[in-house]
Amino acid sequence: MTTNRLAQALATGIVLLATTTSASEFGIYGRAHLSVDQLDNGNDSGLNISSNASRFGIRGSHQVQDNLKVLLQIESLIRLDEGSGDWASRNSFLGLEGDFGLVRAGYFDTPLKNVRSRTDLFGDQVGDARNIVRGGGVDLDRRFRNGLHYQTPAFQQLTFDLHYSTHDRTGSTSDNKDDAISSSVTFDNKELMLMLAYERRNRPDNTALSGFRAGASYRLNEQWRLTAFWQNSENFAGGNRDAYGIGAAYRINDAYSVKAQLYHAGNADADSSSATMLALGLDRRFGRQLTLYAAAAFTNNADNANFNVSAGGGHGKQLAIEPGQDPYALSLGVIYNFSANFGS
């Protein structure tokens, strides 16, 4: 989609939402995330400008009655570095919320993906945990196409999520042989969060791709946050593989914080196919809207591994890595979060 067509579609969406949400709330929101990166793949090195999961979204809600609210979200990827975008290519859905919980249908993150996103200290930056947990042919950080999701109300600080896809492809289906399911249980008391998730994607040839994830985040005090992650994947390219990671963030004061995380992917079917990644970062916050940061990431690949440092899903630019090479990246970035809400 061209930039002009994207802008027209966004404007149309805002007008439609504004004219159909009487006694409702709606708004626009987004994130502009750009970085200047020195990327090195072990053979070559280059300076790059990267747009990292920059986005523009529309949200709407309408309180139908005391115990029923309808929700709408349309979120699009924006490539600020190259002047392009993809309409509704991120979390986009229509939902209902009440005392019964939350029901949504559309295209959005799975419960299993949320385990990584809620424990990753370098999301969308160089050193993103997906460089390891999605490397080696594993593909577990997804949004389901044709998804239907139910989340229970919180009970004793526990929440259950069930996400089903009638078929995780475009177009229609007559047999649902390529359906998928993702589920999780979450304990969250604001200081300690624990998550356990399972996902299975069926294929028309009667094979299945599956994975387990467990994650933890603990706020030790106002300064320290500690994270941990574990993943087991089966039947992806390269075979079965385990991956795990730990992280720590220290808040120096209201403006500055430092962070680090270490992730490792074990061997799959091939020998010497493991990799380890270290990421280090310094953040400078100006309230919730603006963050400046510096980050560095280094990956050590075994002889038959080609894991990256900047191909972690949300980061926009990457270099190809040959097996056995050890890539690294140095990055300076800016993140600007914006929103405007309206009501009637």
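Residues numbered from 1 in each chain as written. Predicted model: local features only at pLDDT ≥ 70, side-chain atom pairs only at ≥ 80, totals over all residues. Heavy atoms only, no water.

Draft legend 1. Quick peek at the layout of surface pockets. As a volume, the second largest pocket reaches approximately 790 Å³. Residue lining of the second largest pocket: 33 residues in total, with Asn 91, Asp 109, Asn 114, Ser 117 and Arg 118 positioned closest to the centre. Looking at the lining of the second largest pocket, its residues break down into nine nonpolar, 13 polar and 11 charged. (1 Å grid on protein atoms, 1.4 Å probe; cavity = no way out; pocket = protein on both sides within 12 Å on 5 of 7 lines; lining within 4 Å. Points joined across faces, edges and corners; volume = space filled by probe spheres on them. Nonpolar A, V, L, I, M, F, W, Y, C, P; charged D, E, K, R; others polar.)

Draft legend 2. Main features of the pattern of salt bridges. Evaluation of the coordinates by the stated rule reveals 23 salt bridges. In this structure, the salt-bridge partner of Arg 116 is Asp 120, at a minimum N-O distance of 3.1 Å. Take Arg 116: its relative accessible area is 3%, and that puts it in the buried class. Asp 168 is paired through a salt bridge with Arg 142; the nearest N and O atoms lie 2.5 Å apart. Of this pair, Asp 168 sits in the loop between β9 (158–165) and β10 (180–188) while Arg 142 sits in the loop between α3 (130–133) and β8 (143–151), and the two are 26 residues apart along the sequence. For Asp 168, a relative accessible area of 5% puts it in the buried group. A single salt-bridge network, built from bridges that share partners, covers Arg 55, Arg 116, Asp 120, Asp 124, Asp 128, Arg 130, Asp 141 and Arg 213. (Salt bridge = Lys/Arg side-chain N within 4 Å of Asp/Glu carboxyl O. Buried < 20%, exposed > 50% of the residue type's maximum accessible area, 1.4 Å probe, protein only. Helix = DSSP H or I, 4+ residues; strand = E, 2+ residues; numbered from the N terminus.)

Draft legend 3. Examining the pairing of β8 more closely. Looking at chain direction, strand β7 (residues 101–109) and β8 are connected through seven bridges and run antiparallel. The residue bridging Phe 108 from the neighbouring strand is Phe 144, located in β8. Alignment of β8 against β9, held across five bridges, turns out to be antiparallel. By the bridge assignment, Gly 147 is partnered in β9 with Ser 165. Here β8 folds back onto β9 in antiparallel fashion, the turn holding six residues, of which Gln 156 has a positive phi close to 50°. (Pairing = 2+ DSSP bridges.)

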